[in-house]
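Residue-level listing of the chains:
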Amino acid sequence: DARVTQTPRHKVTEMGQEVTMRCQPILGHNTVFWYRQTMMQGLELLAYFRNRAPLDDSGMPKDRFSAEMPDATLATLKIQPSEPRDSAVYFCASAPISVGELFFGEGSRLTVL
Amino acid sequence: GENVEQHPSTLSVQEGDSAVIKCTYSDSASNYFPWYKQELGKGPQLIIDIRSNVGEKKDQRIAVTLNKTAKHFSLHITETQPEDSAVYFCAASIRDTGRRALTFGSGTRLQVQP
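Residues numbered from 1 in each chain as written. Chains lettered and ligands numbered in written order. Predicted model: local features only at pLDDT ≥ 70, side-chain atom pairs only at ≥ 80, totals over all residues. Heavy atoms only, no water.

1. What about the overall build of chain A?
Now for step 1: Secondary structure summary: chain A contains 0 helices and 11 strands in total.
Now for step 2: Listed by position from the N terminus, the elements making up chain A come as β-β-β-β-β-β-β-β-β-β-β.
Now for step 3: In terms of overall dimensions, chain A is globule-like: its C-alpha atoms have a radius of gyration of 13 Å, near the 13 Å expected for 113 residues.
Now for step 4: When its C-alpha atoms are laid out on the principal axes, chain A stretches across 40 × 30 × 25 Å.
Now for step 5: Sorting the 113 residues of chain A into buried and exposed places 45% on the buried side.
Now for step 6: For chain A, the share of sequence-separated contacts (at least 6 apart) that also reach a separation of at least 24 residues comes to 52%.
Now for step 7: Summed over its atoms, the accessible surface of chain A is roughly 5,800 Å², and 51% of this surface lies on carbon and sulfur atoms. (Helix = DSSP H or I, 4+ residues; strand = E, 2+ residues; numbered from the N terminus. Rg over C-alpha atoms; globule rule 2.2 N^0.38 Å. Buried < 20%, exposed > 50% of the residue type's maximum accessible area, 1.4 Å probe, protein only. Contact = heavy atoms within 4.5 Å. Areas by Shrake-Rupley, 256 points an atom, 1.4 Å probe, with all protein chains shown as cover.)

2. Topic: the sheet that holds strand β1 (residues 5–7) of chain A
Residue and element names in this part refer to chain A.
Now for step 1: Spatially, the 4 strands line up as an open sheet ordered β1-β3-β8-β7, and their pairing is antiparallel. Looking at which strands have only one partner, the edges of the open sheet turn out to be β1 and β7 (65–71). Shown here is a sheet whose adjacent strand axes are inclined to one another by a mean of 20 degrees, direction ignored. (Pairing = 2+ DSSP bridges. Axes fitted to C-alpha atoms, helices over the stretch in contact; angles between N-to-C directions.)

3. Side note on the state of the cysteines
Now for step 1: With the rule as written, the count across this model stands at 2 disulfides over all chains.
Now for step 2: Through a disulfide, Cys23(A) is tied to Cys92(A); the S-S separation comes to 1.9 Å. Here the disulfide of Cys23(A) and Cys92(A) is left-handed, its torsion about the S-S bond being about -60 degrees. Of this pair, Cys23(A) sits in strand β3 (residues 19–24) while Cys92(A) is found in strand β9 (residues 88–95), placing the two residues 69 residues apart along the sequence.
Now for step 3: Classification of Cys23(A) as buried rests on a relative accessible area of 1%.
Now for step 4: With its sulfur 1.9 Å from that of its partner, Cys23(B) forms a disulfide with Cys90(B). (Disulfide = S-S within 2.5 Å.)

Here it is, written out as structure tokens:
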């Protein structure tokens, strides 16, 4: 069945290292979101794309985070350099343009030591 | 931007009892209010949603009510079962326009005691 696929599921890295998280949205969905989940902040929107164009990335720390959609089947979220405060679960979600429901992946759990 | 507040943060009920989770939103332009359920180790999943032209919506044991004047909406789960134990998130947005993505509440951890 159709689902959003995220890799890696778990990542442990050291402070200062580059981290790249990948997302394959559901085929035919043209809106892709990146959310970050922490105990303190809940689900925060980092960025979202429609038809591969960024619509809003105001939730993302621009100095170290970047989000792209190289093609319709791949979205990436990169952190460089990573810091311990980036430790969280990062969710990708996709949606068809005219429907409100978001379909979430299972998340990428990032731990920065 | 939109701000969504959710209460309570944790809720423990006995199996068979009802559970109610409440949310308030700040932007009167919001017109779409979904509820998501997140099980351990999984991503959130939509369980019910309501649009601002409707005051109440039911789906089996789940119902959502909306008061646009007061800018609050609630999730009601009746006859709770252990499998209802999860974290529930409310959210608000302006549907279909692409003007704003979903803003989520802080979540409610529901524990149903057998």
